[in-house]
Number of protein chains: 2
Amino acid sequence: MAKDKKMVESITSMDVDFAQWYTDVVKKAELCDYTSVKGCMVIKPAGYAIWENIQHELDRRFKETGVQNVYMPMFIPESLLEKEKDHVEGFAPEVAWVTHGGLDPLQERLCVRPTSETLFCDFYANDIHSYRDLPRVYNQWCSVVRWEKTTRPFLRSREFLWQEGHTAHATAEEAEKRTIQMLNVYADFCEQVLAIPVVKGQKTDKEKFAGAEATYTIESLMHDGKALQSGTSHNFGDGFAKAFGVQFADKDNTLKYVHQTSWGMTTRMIGAIIMVHGDDNGLVLPPRIAPTQVIIIPIQQQKEGILDKAYELRDRLSNFKVKVDDSDKSPGWKFSECEMRGIPLRVEIGPKDMANNQAVLVRRDTHEKTVVSLDNLEEEVSRMLDTIQADMLERARAHREAHTYSAVDWDEFVETINNKPGFVKAMWCGDRACEDKIKEATGATSRCMPFEQEHLSDTCVCCGKPAKKMVYWGRAY
Amino acid sequence: MAKDKKMVESITSMDVDFAQWYTDVVKKAELCDYTSVKGCMVIKPAGYAIWENIQHELDRRFKETGVQNVYMPMFIPESLLEKEKDHVEGFAPEVAWVTHGGLDPLQERLCVRPTSETLFCDFYANDIHSYRDLPRVYNQWCSVVRWEKTTRPFLRSREFLWQEGHTAHATAEEAEKRTIQMLNVYADFCEQVLAIPVVKGQKTDKEKFAGAEATYTIESLMHDGKALQSGTSHNFGDGFAKAFGVQFADKDNTLKYVHQTSWGMTTRMIGAIIMVHGDDNGLVLPPRIAPTQVIIIPIQQQKEGILDKAYELRDRLSNFKVKVDDSDKSPGWKFSECEMRGIPLRVEIGPKDMANNQAVLVRRDTHEKTVVSLDNLEEEVSRMLDTIQADMLERARAHREAHTYSAVDWDEFVETINNKPGFVKAMWCGDRACEDKIKEATGATSRCMPFEQEHLSDTCVCCGKPAKKMVYWGRAY
């Protein structure tokens, strides 16, 4: 019992210390753990099961748009990484280098992929010949390595899991269309499955991906008011194609460069789920991503017929991901445990319930209890899971709305950023210097230039020059 | 058309040059390709789709036995790799070493995992405390790196994809039971899904895994008579547990070492599918692993109603993985292409067929044509796919039986090994010296000591001393 006790006790309140609360949830919900390899995590069964569901949902959506999965090597020869100038400058400082194979030094050192644009380009240069070969819409599921100095579970680790899509198109228009299409897939997935509302927009030049012409992003807001970049989609134009010589013979028989995109989403989304939905009792999982959606907890299970009834209900609920906790722990412990693990719906069944042909349903998100007749248990559970999913999205949206502010001059901007955690909308002249100044003065960065622009004022919140864009600013993970 | 032409022409006959035939199939069925990274492959969509099906089928079987998926880091600190003596001796000569992170040299170099026993042990040492924590039955899907000198697509590459299961148990008996259980999962998967019959047995000490007490293996026979080790399952006893200090408090309140197992299957099974089932027209896929099971090819598709009929049949066959080839290639090209890609069943539908309310079904494995009424197309297709699956297994089994020989003395053994590609069953005294001599004299290795032992003679085929075991010998990939 000692171990169970440790699990459900002593989680830091999120209002007292959000960072510690996050670490406590990660640890006590048994999502991941540290290892002997500095900056690298082990993703434990409860965490990996969430990632498998993320993979399943995303992969299905990708394939519906014509994506094909492939696998590229994990190593990139140094000369290959160096072919695109902006790209190597962006990534070389943070890659891990392999210098020896077995007992021998390598002739050329290899980096462990931080991302695979260079490998896909190298492949496409040999694989694409004619307009008939286009588009290429490839994706891979893999791990990548970036030698971060400071790390946090799921949010920033030296190795992380992700998918990276890499496409090649005959025209600039088609590449741009695919870039936006995949951003929309991400946004839809976040909102419909993870119950996390996102702001869609474009990154500024300062914040865009190394080597991209344009980077689009979905930005979400965590419970503590910090922003999380949740998925990005890049349009490379023909820059990489020129660097790597990826050409095709078009219908008019002339050689043209392809236009390329890439897009990725990572295990940091598990961190987002924790920080958007979690509470002081632990993890709260949206039903559509939960590895276990319904947990049945028998009350006074030693009494005759109770456990059998619990198993009967489990069998009746087999359309859902359902489990019975028939361990020898007390119901109270079981309640705490399944709350810590974030299971969306709890079904309690005891002797009194059996006598009354009823069960008690308890929502994880609101703790609300409902007594339902066993006659229509399946419908009630189904309806309640849908309600939980919808309510979680709405609460997250309301939280974001309540923590999204506007500022029209410098003082108001600094005052808001410093005192009101959240997004701050403000006008921007388009100059890098203003972004730098804002970062230096407040620690905030431009999260995106949202697709849904508003006209807050005529002038840049920083320099007062004519404004070009409304920008979402915020402190970010 | 030039590209299609290249694809379906000029594949080397397997009887002329089996190795070249293999390379041709890999290339022309577009399964994988070479890259700028020496010894590393890109797995292309047609190859990766097979791997996804392998993953899906295996993962489902694993989970039915209680396996949970996790993810461990890809790096192993040198000091961790060195903790188990036999293990490090086995792997250190063939690992890739990371020596720099970003711009700085690392304090301790890290190897890219060649396998993850050391990481799981390190994790279990902190994660397992009590008998209540056991068993741990974890698995991960990932890539591993072994710095091979000579490489071949799928069969031997410096990086390959696999799953590796790692379990910890309270007793030796339970560990042994799990080791055999997973070997049986592999054997069942190979026979039922890949239509590849296997010999189950134990590896000799010479051939067992570095650090294992016992290694069990499934061995299959390729069309050219060479053996392929197709899956292994290792019982480590408590050797790793002692090296890494993985202990638990048992029910009697004493500290005990856990007993561990590991087991793996890799992308080399795609090579096995090619080499067991393929023919001079290309790949032949068993229906249960084929990404496309049925291809519908319209004949005279420019004629009114033909394409619509093809789409209608596709919709009717939506319980299967079905596609229509409605490209502007000629039917002949389409036939060659879908044969090269190994699609199990072809449905031809033309004006004459439509007039007669029929379609022509063509089996990939036998080229047999059957005219069926459209009235019961679904049943006919279903029945035929089942027949193909069963026949492919039976043919592979018959091939293996026909290429499995016995030898009772040295001359017969050498004569057989040298002239009859296949398995040679022979008695063995149990001495390493005889294994070494056989390898040196014939190039053959002991594939396994099969669970189904036979008594061929009283004496070792090599030294004439009393025999202990019957062994399958063969030349292997």
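Further up the page is the structure itself.
Residues numbered from 1 in each chain as written. Chains lettered and ligands numbered in written order. Predicted model: local features only at pLDDT ≥ 70, side-chain atom pairs only at ≥ 80, totals over all residues. Heavy atoms only, no water.

Q: Pulling in residues and values, what's your account of the sheet that holds strand 19 (residues 369–373) of chain A?
A: Residues and elements named next belong to chain A. Spatially, the 5 strands line up as an open sheet ordered 16-15-17-18-19, and their pairing is mixed. What marks the edges here is a single partner per strand, and that holds for strand 16 (322–324) and strand 19. Strand after strand, the sheet turns through a mean of 25° between neighbouring axes, direction not considered. Bridge analysis of strand 18 (residues 358–363) against strand 19 gives 5 bridges, and the strand direction is antiparallel. By the bridge assignment for strand 19, valine 360 is matched with valine 371. Across the sheet, helix 13 (residues 377–402) is in contact with strand 15 (294–298), strand 17 (345–349), strand 18 and strand 19; its angle to strand 18 comes to roughly 10°. (Pairing = 2+ DSSP bridges. Helix = DSSP H or I, 4+ residues; strand = E, 2+ residues; numbered from the N terminus. Axes fitted to C-alpha atoms, helices over the stretch in contact; angles between N-to-C directions. Contact = heavy atoms within 4.5 Å.)

Q: Which residues make up the pairing of strand 7 (residues 136–145) of chain B, and what are the values?
A: Residue and element names in this part refer to chain B. Counting buried positions along strand 7 yields 10 of 10 residues, so the element is predominantly enclosed. A two-sided burial pattern is seen for strand 7, the buried positions comprising Arg136, Tyr138, Gln140, Cys142 and Val144 on one face and Val137, Asn139, Trp141, Ser143 and Val145 on the other. The sheet contact formed by strand 3 (residues 68–69) and strand 7 spans 2 bridges and is parallel. By the bridge assignment for strand 7, glutamine 68 is matched with tyrosine 138. Direction of pairing for strand 7 relative to strand 8 (residues 159–169): antiparallel, over a ladder of 10 bridges. Looking across to strand 8, one finds that valine 145 is bridged to glutamate 159. (Buried < 20%, exposed > 50% of the residue type's maximum accessible area, 1.4 Å probe, protein only.)

Q: Describe the pairing of strand 23 (residues 469–474) of chain B, listing the residues and the values that go with them.
A: Residues and elements named next belong to chain B. Most of strand 23 sits inside the fold, with 5 of its 6 residues counted as buried. Of the strand pairs in this sheet, strand 22 (residues 445–450) and strand 23 are connected by 3 bridges, and their pairing is antiparallel. Across the sheet, the residue bridging to serine 446 is tryptophan 473, located in strand 23.

Q: Quick rundown of the relation of the copies chain A and chain B? Include the residues and the values.
A: Turning chain A through 180° and shifting it by 0.0 Å along the axis lays it on chain B, with an RMSD of 0.0 Å. Here the transformation between the copies is reduced to the relation of a two-fold axis. No C-alpha of chain A lies nearer the rotation axis than that of valine 98 of chain A, which sits 2.1 Å from it. A high fraction, 98%, of the interface residues of chain A reappear at the interface in chain B, so the copies pair face to face through one surface. (Least-squares fit on C-alpha atoms with pLDDT ≥ 70 in both.)

Function cannot be read off these values alone, since they describe shape.
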